[in-house]
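Topology and contacts: notes
The lines below spell out each chain.
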Amino acid sequence: MLVYLLLFIFGLIIGSFLNVVVYRETHESKGKKTGLKAWIPEWAIGRSCCPKCKKEIKWYDNIPLLSYLLLKGKCRFCKQHISSSYPLVELVVGLEFVWVYWLLGRFAFFQQMEGFFSFVVLGFWLFIFSISLALAIIDIRLGILPDSLIISGTIVAVGRLFITGRWEFLLSGLGLMGFFLFLYLITQGKGIGFGDVKLAFFIGVVLGWWQWVLVAMFIAFLTGAIMGVILIAMGKKNMKSAIPFGPFLLGGMLLAKLFGEYIWLSYVGI
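Take the overall build of the protein chain next. Per the secondary structure count, the protein chain includes 10 helices and zero strands. Helices and strands appear in the protein chain in the N-to-C order α-α-α-α-α-α-α-α-α-α. Burial analysis of the protein chain (270 residues in total) assigns 41% to the buried set. The contacts of the protein chain with a sequence gap of at least 6 include a subset with a gap of at least 24, amounting to 68%. Element-wise, carbon and sulfur atoms account for 70% of the exposed surface of the protein chain, whose accessible area totals about 15,800 Å².

Spelled out as structure tokens, the structure:
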């Protein structure tokens, strides 16, 4: 139980950081930077501040989940309402960390590992789930997939290959990226955004096995089409409206990782 509690607390902290990432990618203007700062993402520097009055948030008002409850959802300085999405993301990530650890414990490959290697595997998937959540939220809000997050995720995904030695996973990434680049070119960027092309490489490297990649794409295109029909039927979108595809791609990736083998064997049988 102590492990679950520690993971939940750590998840709350990471969730708080993801709130900073999402806010700075969706609200703050990207001013021109020079020198080393030009290579550093907006979310990697600077202290958190109130989005309304812009006053710097003290450390004791920045405790994940607890500070929101103690402040009754308002800024200490300007008394303006703080969006409930902040504690919600923190809570989701905290529960997500516990859930991922529990899931990994169900897989035989994780049970066979010990010490450092099991720690690395856990850290890798906690990172993948977290960065996927941040990308999905930003894509839903702005319809963009920030390069800083895709590159960060891709670096970690490729870095894993130095440990596993499965360099063929790069071929999966390149193949999926090539497919999305083809879709991007034939639709002239109207059906698939270039951010999806870059995201495809990340997804391909993460999943690796081509069977899982196919399952992920099946899930992504199916759920994306269903959601599109629902939004059109509700009158919130029309046939020409753009619908962010990143969340469906990321959702398909994670579901394929969890259930890809079962789905493949159930429907294909080979």
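Moving on from the model shown.
Attention shifts here to the side chain of Ser132. Position of Ser132 relative to the elements: it lies in helix H5 (residues 116-142). Assessed through its relative accessible area of 3%, Ser132 is described here as buried. Separated by 2.6 Å, the side chain of Ser132 and the backbone oxygen of Ile128 make a polar contact. The residues touching Ser132, leaving out its near neighbours within four places in the chain, are Leu250, Met253 and Leu254.

Ranked by internal contacts, the top residues of the largest apolar core, which has 57 residues, are Trp125, Phe180, Leu199, Phe202, Ile203 and Met253. Going through the elements one at a time, helix H1 (2-26), helix H3 (85-104), H5, helix H6 (147-164), helix H7 (169-186), helix H8 (194-207), helix H9 (210-233) and helix H10 (246-267) are the ones with two or more residues in this core. For this core, the element with the most residues is H5, which contributes 13 residues. Trp125 has contacts with Val100, Leu104, Arg160, Val206 and Lys257, leaving out every residue within four places of it along the chain.

To continue, consider the confidence of the model for the protein chain. Per-residue confidence for the protein chain averages 83 on the pLDDT scale, and 87% of its residues sit at or above 70. No element of the protein chain has a lower mean pLDDT than helix H4 (residues 108-111), at 52, and none a higher one than H8, at 94.

Turning our attention to H10. Relative to the 32 Å expected for 22 residues at 1.5 Å per residue, H10 spans just 25 Å between its end C-alpha atoms, considerably shorter than the ideal helical length. Taking the largest bend as the criterion, H10 deviates by roughly 75°, centred on Phe259.

Spanning 18 residues, H7 covers 26 Å between terminal C-alpha atoms, matching the ideal 26 Å at 1.5 Å per step. Every buried residue of H7 is accounted for by Phe169, Ser172, Gly173, Leu176, Phe180 and Leu183. The arc that holds the buried residues of H7, viewed along the axis, is 100°, so those residues lie on one side. Opposite the buried face of H7, by more than 90 degrees, sit the exposed residues Leu171, Leu185 and Ile186. Where the residues of H7 are buried, they touch H6, H8, H9 and H10. Downstream of H7 by one or two residues, Gln188 has phi in the positive range, about 55°.

Attention now goes to a nonpolar patch on the surface. A contiguous nonpolar surface patch, about 580 Å² in accessible area, is contributed by Leu2, Leu5, Leu6, Ile9, Phe10 and Ile13. Locating Ile9 in the fold gives a position in helix H1. You can call Ile9 partly exposed: its relative accessible area is 40%.

This paragraph deals with the environment of Trp264. Among the structural elements, Trp264 can be located in helix H10. Along the chain, Trp264 and Val215 lie 49 residues apart, while their C-alpha atoms are 6.9 Å from each other.

A positive phi angle, near 65°, is found at Leu65, a position not held by glycine. Topologically, Leu65 is positioned in the loop between H1 and helix H2 (66-70). A positive phi angle is found at Lys79, which is not glycine, with a value near 65°. Among the secondary structure elements, Lys79 is positioned in the loop between H2 and H3. With relative accessibility at 54%, the residue Lys79 sits in the exposed group.

For Gly123, the position within the fold is in helix H5. Separated by 22 residues in the primary sequence, Gly123 and Tyr101 have C-alpha atoms spaced 9.6 Å apart.

Let us look at the packing of aromatic side chains. Going through the model one piece at a time under the given rule, you end up with 11 aromatic pairs. Here the aromatic residues Phe179, Phe180, Phe221, Phe245 and Phe248 are joined through ring pairs into a cluster of three or more.

So, about the packing of H8 against H9. With their axes 9 Å apart at the nearest point, H8 and H9 run at an angle of 135° to one another. With respect to H9, the element H8 is oriented oblique. In this structure, H8 meets H9 at a crossing whose hand is right-handed. Of the residues in H9, those touching H8 at Ile203, Gly204 and Leu207 are Trp212, Val213, Ala216 and Met217. Residue composition of the contact of H8 with H9, grouped by class: six nonpolar, one polar and no charged.

Parameters and conventions
- Residues numbered from 1 in each chain as written.
- Predicted model: local features only at pLDDT ≥ 70, side-chain atom pairs only at ≥ 80, totals over all residues.
- Heavy atoms only, no water.
- Helix = DSSP H or I, 4+ residues; strand = E, 2+ residues; numbered from the N terminus.
- Buried < 20%, exposed > 50% of the residue type's maximum accessible area, 1.4 Å probe, protein only.
- Contact = heavy atoms within 4.5 Å.
- Areas by Shrake-Rupley, 256 points an atom, 1.4 Å probe, with all protein chains shown as cover.
- Polar contact = N/O pair within 3.5 Å; in protein donor to acceptor, adjacent residues only side chain to side chain.
- Core = buried A, V, L, I, M, F, W, Y, C linked by side-chain atoms within 4.5 Å.
- pLDDT = per-residue confidence, 0-100.
- Expected span 1.5 Å × (residues − 1).
- Bend = angle between axes of the 7 residues up to and from the residue.
- Arc of directions from axis to C-beta.
- Patch = residues over 30% accessible without salt bridge, like charges linked within 9 Å, V, L, I, M, F, W, Y side chains within 5 Å.
- Salt bridge = Lys/Arg side-chain N within 4 Å of Asp/Glu carboxyl O.
- Phe/Tyr/Trp six-rings, centres within 6.5 Å; stacked < 30°, edge-to-face > 60°.
- Axes fitted to C-alpha atoms, helices over the stretch in contact; angles between N-to-C directions.
- Parallel < 35°, antiparallel > 145°, perpendicular 65-115°, else oblique.
- Left-handed = near helix turned anticlockwise from the far one by under 90°.
- Nonpolar A, V, L, I, M, F, W, Y, C, P; charged D, E, K, R; others polar.

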